[in-house]
Amino acid sequence: KSLISLANGKVYHAGNELNVVAAMDFSYTKNRQSDFTALVVIGVDYHGFIYVLDIKHFKTDKLEDFYLAIKEAHIKWGFQKIRVEVSAGQGIVVREIKEQYARPEGLPVIFDEFSPTRHDGKKEDRISAVLEPRYRSRTIKHYQGGNCQTLEEELVLAHPAHDDIKDALANAVQISSVPTKRFGK
């Protein structure tokens, strides 16, 4: 984290500008067994290294809580795009967040709506296909502690109780891109 800096609306790692995106995996219940909502923000440098910048992990059944998490992360990190999965009832949640909160407040974020089909494979296979090659090549970097600890537990366990953070991370990686050229600070 000490190598990450923010200046003039841009995010840098060791002086190199990062392209920043986010992804959110929704869960809209609060009972003990239910999944968590996970919001992951990543940055990619011109070498293709992916930096996990922030992870929010919470339970809620309120649309406003989802929106506030997105808004706060956007204000801090300045991402322009967030991937949101819209299978089942999540499409309604996303539509309501956009119509009730994001548009009226003028939040300048594109909601990249992703609806996996059976042709995309099982969820665990999709996550593995995106993340395993990057971890093998050591191109994903984590900060120490906090919710990265929970992410690392999800990654190493064969069948973790929850997989929301690694799912959000995989979705963020899928929409990320390397800057077109090297930018200095």
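Predicted, not measured: the structure shown is a model, and the values here were computed from it. (Residues numbered from 1 in each chain as written. Predicted model: local features only at pLDDT ≥ 70, side-chain atom pairs only at ≥ 80, totals over all residues. Heavy atoms only, no water.)

**Focus on the side chain of Thr37**
Now for step 1: Checked against the element boundaries, Thr37 lands in strand S4 (residues 37-44).
Now for step 2: For Thr37, a relative accessible area of 0% puts it in the buried group.
Now for step 3: Among the polar contacts listed, one links the side chain of Thr37 to the backbone oxygen of Ser27, at a separation of 2.8 Å.
Now for step 4: When near neighbours in sequence (up to four residues on either side) are disregarded, Thr37 contacts Met24, Asp25, Phe26, Ser27, Lys56, His57, Phe58 and Phe66. (Helix = DSSP H or I, 4+ residues; strand = E, 2+ residues; numbered from the N terminus. Buried < 20%, exposed > 50% of the residue type's maximum accessible area, 1.4 Å probe, protein only. Polar contact = N/O pair within 3.5 Å; in protein donor to acceptor, adjacent residues only side chain to side chain. Contact = heavy atoms within 4.5 Å.)

**Notes on the side chain of Asp163**
Now for step 1: When you line up the elements, Asp163 lands in the loop between helix H4 (147-156) and helix H5 (164-175).
Now for step 2: In this structure Asp163 comes out as buried when scored by relative accessible area, which is 15%.
Now for step 3: A polar contact is formed between the side chain of Asp163 and the side chain of Lys123, at a distance of 3.1 Å.
Now for step 4: Once you skip the residues sitting within four places of it in the chain, Asp163 turns out to touch Lys123, Glu124, Ile127 and Glu154.

**A closer look at the packing of aromatic side chains**
We describe a pair of aromatic rings using the distance from one ring centre to the other and the angle between the two ring planes.
Now for step 1: Taken as a whole and judged by the stated rule, the model has 3 aromatic pairs.
Now for step 2: Ring geometry for Phe58 versus Phe66: centroids 6.4 Å apart, planes at 45°, classification tilted.
Now for step 3: Ring centres 5.3 Å apart and planes at 20° place the aromatic pair Tyr67 and Tyr101 in the stacked group. With Tyr67 in helix H1 (residues 63-77) and Tyr101 in helix H2 (residues 90-105), this residue pair connects regions lying 34 residues apart in the sequence.
Now for step 4: A residue is classified by how much of its surface remains accessible, and Tyr67, at 1% relative accessible area, is buried.
Now for step 5: Ring-pair connections join several aromatic residues into one group, and the members of that group are Phe26, Phe58 and Phe66.
Now for step 6: Above the face of the Phe36 ring, Lys59 is positioned so that its terminal group lies 4.6 Å from the ring centre.
Now for step 7: The positively charged end of Arg83 is found above the aromatic ring belonging to Phe114, 4.4 Å away from the centroid. (Phe/Tyr/Trp six-rings, centres within 6.5 Å; stacked < 30°, edge-to-face > 60°. Lys NZ or Arg CZ within 6 Å of the ring centre and 35° of its normal.)

Purely spatial values, then, with no claim about function.
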